[in-house]
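Take a look at the letters that make up each chain.
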Amino acid sequence: MSSPGLYIHVPFCRSKCPYCAFYSIASASLILRWLNAFREEISYYKGHFDEFDSLYLGGGTPTFLEVRDLAGMMEQIFTHFDFARDTEITIEANPCDLTREKAKSLMDLGFNRISLGVQSFEDNELSFLGRRHTSMQSKKALMDLRSFGFENIGVDLIYGFEGQTLEGWVKTLKQAIEFKPEHLSCYQLTIEKKTLFGRLNEKGMLTPPDEEKERIFFLATSNFLKDHGYMHYEISNFARNDSLISRHNCKYWHHVPYLGLGPSAHSFQNSTRRWNIGSVKKYCEMLEGGRAPIGGYENLTEEQLSLEKVSLGLRTKQGLDLKKIPRNPELNNMLLRLQDSGFLKIINDRILPTRKGFLVADSLPLYLV
Amino acid sequence: MHEIRNFSIIAHIDHGKSTLADRMIQKTGLVDERKFRDQILDTMDIERERGITIKSQAITLPYTNDENKEFELNLIDTPGHVDFSYEVSRALASCEGVLLLIDASQGVEAQTLANLFAAMEHDLEIIPVINKIDLPSADIDRVKEQIEIDLGLDSDLAVLCSAKDGTGIEDVLEAITKHIPPPKGRADEPLTALIFDAHYDPFRGTVVSCRIFSGKIRPGDTMRLMSNNATYKVEEVGVFRLTREPRDSLSAGEVGYILAGIKNVSDTKIGDTITLHSKPAAKPLPGFKKVKPVVFSSIYPVASDEYQSLVDALEKYKLNDAALVYQKDSSAALGMGFRCGFLGLLHLEIVQERLEREFGQSIIMTSPTVQYRFLLTNGETITIDNPIYYPDPVTIQKSFEPYIKASIYTPERYMGAIMDLCSERRGTNSKFHCPTPGRLEIQFDMPLAEVIYDFYDRLKTVTQGYGSFDYDLLDYRENDLVKLDILLNGEKVDALAQIVHRDRARTRALVACERLKEEIPRHLFKIAIQGAIGGTIIARSTISPFRKDVTAKCYGGDITRKRKLLEKQKKGKKRMKMIGSVSIPQSAFVAVLKSDSK
């Protein structure tokens, strides 16, 4: 688990989804320039990391790129970085990009894991979410991927938005598991400030569900997927078994080093977190001018590292090592109290959050540190 | 040679006293336009923000009138709030006349009246000044009518001005020179000087502001305070310009300052008489009394390891505020702290704000209370200013609480609302007086405890800002007083206890439970808030736990954001007080007294 991971942020989309706060631009005009700049960026980090055992193309929409561009990128990556034999190689895919040809070529390009942005199997919900594909396209994409031999498919879903009923959501879940995906990410909709939804919400034009509804949806999701053989290993993530957990994403949650390339990508190594500039244009300009496209960095103090460890640990099934929590006189009483109230379990010196604990994982750390 | 005029300005808050003072300073050429800072007499930030003057101070203005006579006009500033009525009376005692400043659109207010009566008691010459005549809503005729009928003054003497745009300032200055008599008293008699203010200068010690009634004082003299016979060597005397201006001496009739190496402001008492050790006056000037605190509250550091820092801050603060009294105190819930006595609620708020702002303290203040008296079955009478010390109920024979005479001045149409408010606050024995058509003065006898928290705010609300309020302490009266305990998750929190009238206990308990419910943030656990008398629960409310707050995504960039939020929350939590497993924000301790109607 300690090998580093490599993340590539592909900052292009066919169109912007109203809920999404990840950096991307809805234009293809800068793709070629960006690909050249990306090549430059790789050269800065050659030899700085150990052998990677995960590669993740996210975004944005990596599948928005032409196959030949993806091929060019992969070639650069494999030329300049070392990878373990069993490296997990994931690409985030949008159903509307996945023609049979493209789906097939992803296998040829070396991807062994697909994270498919299905979001919902209800077409009215898809249009509320501003998605350009239909549920039919998602189903077709899933069948195609399977037929080309992908054995690790993740389905990404969004739930908990206004107008959605619990029945509607469970219907989507049911349709998702019919394809027996190895992995499911179920994200409760977060209204982010710098998105269209954020602006609408500020004007009072959205009615996000209340806390109780969110809680019910969250528990229903967890229950349903558990009943169908998935383990709930992180707040929003489910896998068929331990070996199908997203190896790459786990690195974020356990302070394992990772290198992020592309605009707005974050890297973490030796207590330092660094991030790239969140603009394709500036990213290109900097690299063209012979500079690394760094937007900022922070050196984490011991206290900050431990605060992150606690807060991240409480979001995962593995929990955290009791010894990692800075001692304070109230800690033992508080742990017992939290255990009695059903927020966590303490087993073999590890603090393991329960589902009730998952529900309040944002504030739970405040009770421990 | 110049003549002297000593005067003060009486005004309701917002009627433009500070602006008028500024204009006079400007007009007399004490300061050039460029250096002019608005509202020079209000030197402290808080006062500036609140638009009120708290510490009285003086300034000497040179002025040549239209008959070409030279004058030194001593403007003695007075605090503008009911809490400081004694300071006002000492400032007035130092004058021969006052400007009665009235807002042309608002007319006469209760507070103005109270100070006006004080001025009349001192036999001062009163010059009505009608300000804000530039306002479209100005009604000069009506104000003149009020001056004639309501105040019984000659409205022909009234000077019209607008301090804001500078109109009529010359007329005000002329009126001062012509209508206010020069001071009496001879320089060859023994020294009597009235202390009307004192403040602390970190380099020179206490700066005593005084009015010389007779005799003369020079640097090198040994002065004596007549209340306690303490003596000090005079280092410097002078007058207040924009800064201190040393003089060779201060003589009868003059107003100025004395520096005598006095370490603490509290060593000097406002109203005390200074005389010379070598040639003392036969008796002090009349009217000295010790200022007694009427409102009490405890101050605790939020973090117990900040206690020493609070000790230092209070010591420093006290240098400049003789009216604050404090002593060590401790609470089971809040740890070590101080029990403090204040002149009133405004005084309390000023202390709180200055400790936090100027001295960087993070403090918790408990809900303010008054001094109660209990006659015990063994015949002993005890006085307590802290609910913690409420005696065992079986030993209480009789309980007493302080009463005030509240005077409320209001437009007639709010009478009903005021009657409701006052009866809700246990007001009795109401008296009405109708000074002018449409205006009403209502007097009530009311327990002081009922007005110390938000009475003034509530009055302002129910009268849409038109009502004003003033009070005098009356006496102690017998009432059935009980201790209301507040329990959080079954645990008594001593710092939240109050002493209340038995008939009002349930209402007050419900209000306290509701307020705490609003003030205490939701926790992971349910929080039960209970109000109890003795062992009987009489009110309760519950803060339901939050059950879902987790955000869905936590990848690369989200981690930093999430940690920063946690760091902020952690800091916020540090400013709260942990009682058991409940984090209580500072504001909650005072909020228990807030009434519910907004």
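Residues numbered from 1 in each chain as written. Chains lettered and ligands numbered in written order. Predicted model: local features only at pLDDT ≥ 70, side-chain atom pairs only at ≥ 80, totals over all residues.

### Side note on the overall build of chain B
Check the secondary structure of chain B and you find 14 helices and 33 strands. For 598 residues, the compact-globule formula gives about 25 Å, and the C-alpha radius of gyration of chain B, at 27 Å, lands near that figure. In terms of its C-alpha atoms, chain B occupies a principal-axis envelope of roughly 80 × 70 × 55 Å. Across chain B, every contact between residues at least 6 apart in sequence was considered, and the portion connecting residues at least 24 apart equals 70%. (Helix = DSSP H or I, 4+ residues; strand = E, 2+ residues; numbered from the N terminus. Rg over C-alpha atoms; globule rule 2.2 N^0.38 Å. Contact = placed C-beta atoms within 7 Å.)

### Quick notes on the packing of helix α1 (residues 31-45) of chain A against helix α10 (residues 280-288) of chain A
All names here are of chain A. Following both chains from N to C, one finds α1 and α10 inclined at 50°, their axes separated by 9 Å at the closest point. In terms of orientation, α1 and α10 fall into the oblique class. Viewed along their axes, α1 and α10 form a crossing whose handedness is left-handed. Contact with α1, carried on its side by R33, W34, A37, E40 and E41, involves V280, Y283, C284, L287 and E288 of α10 and no other residues of that element. Counted by class, the contact of α1 with α10 contains six nonpolar, no polar and four charged residues. (Axes fitted to C-alpha atoms, helices over the stretch in contact; angles between N-to-C directions. Parallel < 35°, antiparallel > 145°, perpendicular 65-115°, else oblique. Left-handed = near helix turned anticlockwise from the far one by under 90°. Nonpolar A, V, L, I, M, F, W, Y, C, P; charged D, E, K, R; others polar.)

### Re the sheet that holds strand β20 (residues 363-365) of chain B
All names here are of chain B. One open sheet accounts for four strands, arranged β18-β19-β17-β20; its pairing is antiparallel. Strands at the two margins of the open sheet, each flanked by one partner only, are β18 (325-331) and β20. Averaged over all pairs of adjacent strands, the angle between their axes in this sheet comes to 30°, without regard to strand direction. Of the strand pairs in this sheet, strand β17 (residues 295-301) and β20 are connected by three bridges, and their pairing is antiparallel. (Pairing = 2+ DSSP bridges.)

### A few points about the domain arrangement of chain A
Residues and elements named next belong to chain A. Segmenting chain A into domains produces domain 1 (5-253) and domain 2 (302-368). Of note, the centres of domain 1 and domain 2, computed from C-alpha atoms alone, are 29 Å apart. Between domain 1 and domain 2, the contact holds nine residues from the first and eight residues from the second. The leading source of residues in the side of domain 1 that touches domain 2 is helix α8 (residues 211-227), at four residues. Looking at the side of domain 1 that touches domain 2 residue by residue, the classes come out as five nonpolar, two polar and two charged. (Domains from an automatic or database assignment.)

### Observations regarding the sheet that holds strand β10 (residues 222-225) of chain B
Residue and element names in this part refer to chain B. Pairing is antiparallel across the open sheet formed by eight strands, whose spatial order is β11-β10-β16-β7-β8-β15-β12-β13. What marks the edges here is a single partner per strand, and that holds for β11 (231-233) and β13 (244-247). The average undirected angle you get between the axes of adjacent strands in this sheet is 40°. When strand β8 (residues 205-214) meets strand β15 (residues 255-259), the two strands line up antiparallel, connected through five bridges. Its bridge partner lying in β15, C210 is registered against G256.

### Digging into α8(A)
Residue and element names in this part refer to chain A. Taking 1.5 Å of rise per residue, the 17 residues of α8 would be expected to cover 24 Å, and the 24 Å separating its terminal C-alpha atoms lies within 8% of that figure. Along α8, the residues that are buried comprise E214, R215, F217, F218 and T221. For α8, the arc enclosing every buried residue in end-on projection is 165°, short of the 170-degree limit, so these residues lie on one face. Projecting away from the buried face of α8 at angles above 90 degrees are the exposed residues E212 and D227. Those residues of α8 that are buried are in contact with β5 (153-159), α6 (166-178), β6 (183-188) and α13 (355-359). Once α8 finishes, G229 follows within two positions and takes phi at roughly 85°, a positive value. (Expected span 1.5 Å × (residues − 1). Buried ≥ 20, exposed ≤ 12 C-beta atoms within 10 Å, placed from the backbone. Arc of directions from axis to C-beta.)

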